[in-house]
Amino acid sequence: MSASPTPVTLITGGSTGIGAETVRRLLKAGHRVTATGRDADRLRAVARALGDPEELLLLPGDAADAGAVEEAVRATVQRFGRLDNVIANAGHSTHDSVADGDPELMRSMLLTNVLGPTLLIRASLEELRKSRGRIVLVGSVAGLKYSPGNFYSVTKWAVHALAENTRMLVTESGVGVSLIAPGKVDTPFWDTRGGTPPGPALSAENIADGIMWVLGQPAGVDVNTVTIRPTGQAN
């Protein structure tokens, strides 16, 4: 398919929470979108809720699987003719502590949260250099603030380091790198802890707004870090 000026964006973890809302916002803004996620049924549910648009390509797969990520980039370019933005949104927390966490659950979290964004960057760089596009990494306030024994925080500190290392690597080729660091957000992220803790919380829509603002910056403007907390969150 021949290339088109309509932007093309690939997002991981597009089946729920921040990812699903960002898919909706991208389509509304006129993007053509590839959404990946491990749960094919949830991905299909997102597409159905949006009316099964032709501009949405669903690719079930694991964000920490190099082959699946590379295939997602290839399929996106084959379907839409180009790639302008990638959003590394897939991530999860088992809410484990380094003192007593389950090693296998910690391994899974490390692979998804840190290796996953790295693989997406690696697989997409050639196409993004062509389009002078943008990489968006979803980090966390947990990657800015320490908390006792929080292994999820460890993984998000790594994501924040990845963002700056990647910016230094690609900025001279015209590729932008933006890190979005949300505070507490009311999404299924908290389901394994029995629901969102009490107190102020953002919505998935709030974070999607931030992502869309970053993607809407004009050529030559590289917004590198955006921290979004709910008013009243002290940490």
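Only a predicted model underlies this, so the values are computations on that prediction, with no experimental measurement involved. (Residues numbered from 1 in each chain as written. Predicted model: local features only at pLDDT ≥ 70, side-chain atom pairs only at ≥ 80, totals over all residues. Heavy atoms only, no water.)

(A) Just the nonpolar core, in detail. Grouped together as the largest cluster of nonpolar side chains are 27 residues, with contacts concentrated most on Val23, Ile87, Ile180, Ile207 and Ile211. Those elements that provide at least two residues to this core are α1 (17-28), β2 (32-37), α2 (40-49), β5 (134-138), α6 (204-215) and β7 (225-228). The greatest single-element share of this core, amounting to six residues, is contributed by α6. In this structure, Ile87 is in contact with Thr9, Leu10, Ile11, Thr12, Thr22, Leu26, Leu120, Val136, Val138, Ile211 and Leu215, ignoring residues within four places of it in sequence. (Core = buried A, V, L, I, M, F, W, Y, C linked by side-chain atoms within 4.5 Å. Buried < 20%, exposed > 50% of the residue type's maximum accessible area, 1.4 Å probe, protein only. Helix = DSSP H or I, 4+ residues; strand = E, 2+ residues; numbered from the N terminus. Contact = heavy atoms within 4.5 Å.)

(B) View of the packing of helix α4 (residues 103-131) against helix α5 (residues 151-170). Where α4 contacts α5, the axes come no closer than 9 Å and their chain directions differ by 15°. Judged by the inter-axis angle, α4 sits roughly parallel to α5. In the crossing of α4 with α5, the sense of the turn from one axis to the other is right-handed. Contacts between α4 and α5 involve Met106, Met109, Leu110, Asn113, Val114, Pro117, Thr118, Ile121, Leu125 and Arg129 from the former and Phe151, Tyr152, Thr155, Ala158, Val159, Leu162, Thr166, Leu169 and Val170 from the latter. (Axes fitted to C-alpha atoms, helices over the stretch in contact; angles between N-to-C directions. Parallel < 35°, antiparallel > 145°, perpendicular 65-115°, else oblique. Left-handed = near helix turned anticlockwise from the far one by under 90°.)

(C) Region of the structure containing helix α3 (residues 66-80). Taking 1.5 Å per residue as the helical rise, α3 with its 15 residues ought to reach 21 Å, and the 21 Å between its terminal C-alpha atoms agrees with that figure. Gly81, located one to two residues past α3, shows a positive phi value of around 90°. (Expected span 1.5 Å × (residues − 1).)

(D) Looking closely at the pairing of strand β6 (residues 176-182). Within β6, seven of the seven residues are buried, which leaves the element mostly enclosed by the surrounding structure. Since β5 and β6 lie parallel, the crossover through α5 that links them has a hand, and here it is right-handed. Judged from the four bridges that link them, β6 and β7 form a sheet pairing that is parallel. Among the inter-strand pairings, Leu179 is bridged to a residue of β7, identified as Thr225. (Right-handed = clockwise from strand over helix to strand, strands pointing away. Pairing = 2+ DSSP bridges.)

(E) Expanded view of the sheet that holds β2. Across the sheet, seven strands lie side by side as β3-β2-β1-β4-β5-β6-β7; this open sheet has parallel pairing. The sheet is open, and its two borders are formed by β3 (56-60) and β7, each paired with just one other strand. Pairs of neighbouring strands in the sheet enclose a mean axial angle of 15°, with direction left out of account. Taken together, the three bridges between strand β1 (residues 8-11) and strand β4 (residues 85-88) define a ladder with parallel strand orientation. Considered in β4, the bridge of Ile11 is made with Ile87. In the packing of α3 onto the sheet, the strands contacted are β1, β2 and β3, and the crossing angle to β3 comes to about 160°.

(F) Spotlight on the packing of aromatic side chains. This model, assessed by the stated rule, comprises one aromatic pair. Ring geometry for Tyr146 and Trp157: centres 4.6 Å apart, planes at 10°, overall stacked. Linking Tyr146 in the loop between β5 and α5 with Trp157 in helix α5, this pair joins segments that are eleven residues apart in sequence. Residue Tyr146 is classed as exposed on the basis of its relative accessible area, which comes to 71%. (Phe/Tyr/Trp six-rings, centres within 6.5 Å; stacked < 30°, edge-to-face > 60°.)

(G) Representation of α4 in the model. Compared with an ideal rise of 1.5 Å per residue, which puts 29 residues at 42 Å, α4 spans 40 Å between its outermost C-alpha atoms and is within 8% of the ideal. The largest bend along α4 measures about 55° and falls at Leu125. One side-chain oxygen at the N-terminal end of α4 lies 2.9 Å from the backbone nitrogen of Glu104; it belongs to Asp102. One or two positions beyond α4, positive phi appears at Arg132, with a value near 55°. (Bend = angle between axes of the 7 residues up to and from the residue. Polar contact = N/O pair within 3.5 Å; in protein donor to acceptor, adjacent residues only side chain to side chain.)

(H) Geometry of the pattern of salt bridges. Summed over the entire model, instances satisfying the criterion amount to twelve salt bridges. The partner of Asp84 in a salt bridge is Arg82, with the nearest N and O atoms 2.7 Å apart. A residue is classified by how much of its surface remains accessible, and Asp84, at 10% relative accessible area, is buried. (Salt bridge = Lys/Arg side-chain N within 4 Å of Asp/Glu carboxyl O.)

(I) Up close: the pairing of β1. With burial as the criterion, each face of β1 is covered, one bearing Val8 and Leu10 and the other bearing Thr9 and Ile11. Sheet topology places β1 next to β2; four bridges connect them, and they run parallel. Pairing of Thr9 across the sheet is with Val33, part of β2. Each parallel crossover has a hand, and for β1 linked through α1 to β2 it is right-handed.

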